[in-house]
Amino acid sequence: MPRLILVISLALLSQVSSFGVISDVQSMIQQYDTLSPAFMHHSSLIASSLQSGIHIPTSASDIYSMYKQALSTDPLETKCATGAVLAIIGDAIAQSREPDTEYDTKRASAFILFDMSYRALQHLAFPIITDHCHGQYILGAIAAS
């Protein structure tokens, strides 16, 4: 599921013509079908999921439960997808505050790549940090002063 979210987010980002406006979704799916078999698989997966009646959450608790489930089954992918979505939203808000400028997809892509990379680094580094650091360095610095 997180991979699907990531593919959808990246596909939508390339089709944003201005803040919040997506051009023709059908042509987007056809465009990615021609790019590679991987995108072909994902776009047909998206289409079949929509046709088969995929479970759409109806409340905040449903969304939260689905997110927690995704974090437990695919933690790295979920964190990266979350970062990508938050980067898109945050940069879109920031760019909308700049008067008389068009939506800069290169800038948004840079934010997405940075955020996803940073979350992957955190995913790998935090277990090491929590295993080896138990406050001894801060307590030592406080005791020395």
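Regarding the packing of helix 5 (residues 75-96) against helix 6 (residues 105-132)
Then step 1. At a minimum axis distance of 8 Å, the contact between helix 5 and helix 6 shows a crossing angle of 145 degrees. Here the hand of the crossing between helix 5 and helix 6 comes out right-handed. Contact with helix 5, carried on its side by P75, L76, K79, C80, G83, A84, L86, A87, I88, D91, A94 and Q95, involves R107, A108, F111, I112, D115, M116, R119, A120 and H123 of helix 6 and no other residues of that element.
Then step 2. By residue class, the composition of the contact of helix 5 with helix 6 is 13 nonpolar, 3 polar and 5 charged.

Regarding the packing of aromatic side chains
Then step 1. Tallying each qualifying case throughout the model produces 1 aromatic pair.
Then step 2. Consider the rings of F114 and Y118, whose centres lie 5.9 Å apart with planes at 10 degrees: the pair is stacked. Here the residue F114 and the residue Y118 both occupy positions in helix 6, the gap between them amounting to 4 residues, near one helical turn.
Then step 3. Take Y118: its relative accessible area is 42%, and that puts it in the partly exposed class.

Describing the packing of helix 4 (residues 60-73) against helix 5
Then step 1. For the pair helix 4 and helix 5, the least separation of the axes is 5 Å and the interaxial angle reads 130 degrees. Our classification of the angle between helix 4 and helix 5 gives oblique. Of the residues in helix 5, those in contact with Y67, A70, L71, S72 and T73 of helix 4 are P75, T78, K79 and T82.
Then step 2. Grouping the amino acids of the contact of helix 4 with helix 5 by side-chain chemistry returns 4 nonpolar, 4 polar and 1 charged.

Overview of the nonpolar core
Then step 1. Counting 6 residues, the largest nonpolar core consists of C80, A84, A87, I88, I112 and M116.
Then step 2. Going through the elements one at a time, helix 5 and helix 6 are the ones with two or more residues in this core.
Then step 3. Counting residues per element, this core draws most heavily on helix 5, at 4 residues.

Procedures and definitions
- Residues numbered from 1 in each chain as written.
- Predicted model: local features only at pLDDT ≥ 70, side-chain atom pairs only at ≥ 80, totals over all residues.
- Heavy atoms only, no water.
- Axes fitted to C-alpha atoms, helices over the stretch in contact; angles between N-to-C directions.
- Helix = DSSP H or I, 4+ residues; strand = E, 2+ residues; numbered from the N terminus.
- Left-handed = near helix turned anticlockwise from the far one by under 90°.
- Contact = heavy atoms within 4.5 Å.
- Nonpolar A, V, L, I, M, F, W, Y, C, P; charged D, E, K, R; others polar.
- Phe/Tyr/Trp six-rings, centres within 6.5 Å; stacked < 30°, edge-to-face > 60°.
- Buried < 20%, exposed > 50% of the residue type's maximum accessible area, 1.4 Å probe, protein only.
- Parallel < 35°, antiparallel > 145°, perpendicular 65-115°, else oblique.
- Core = buried A, V, L, I, M, F, W, Y, C linked by side-chain atoms within 4.5 Å.

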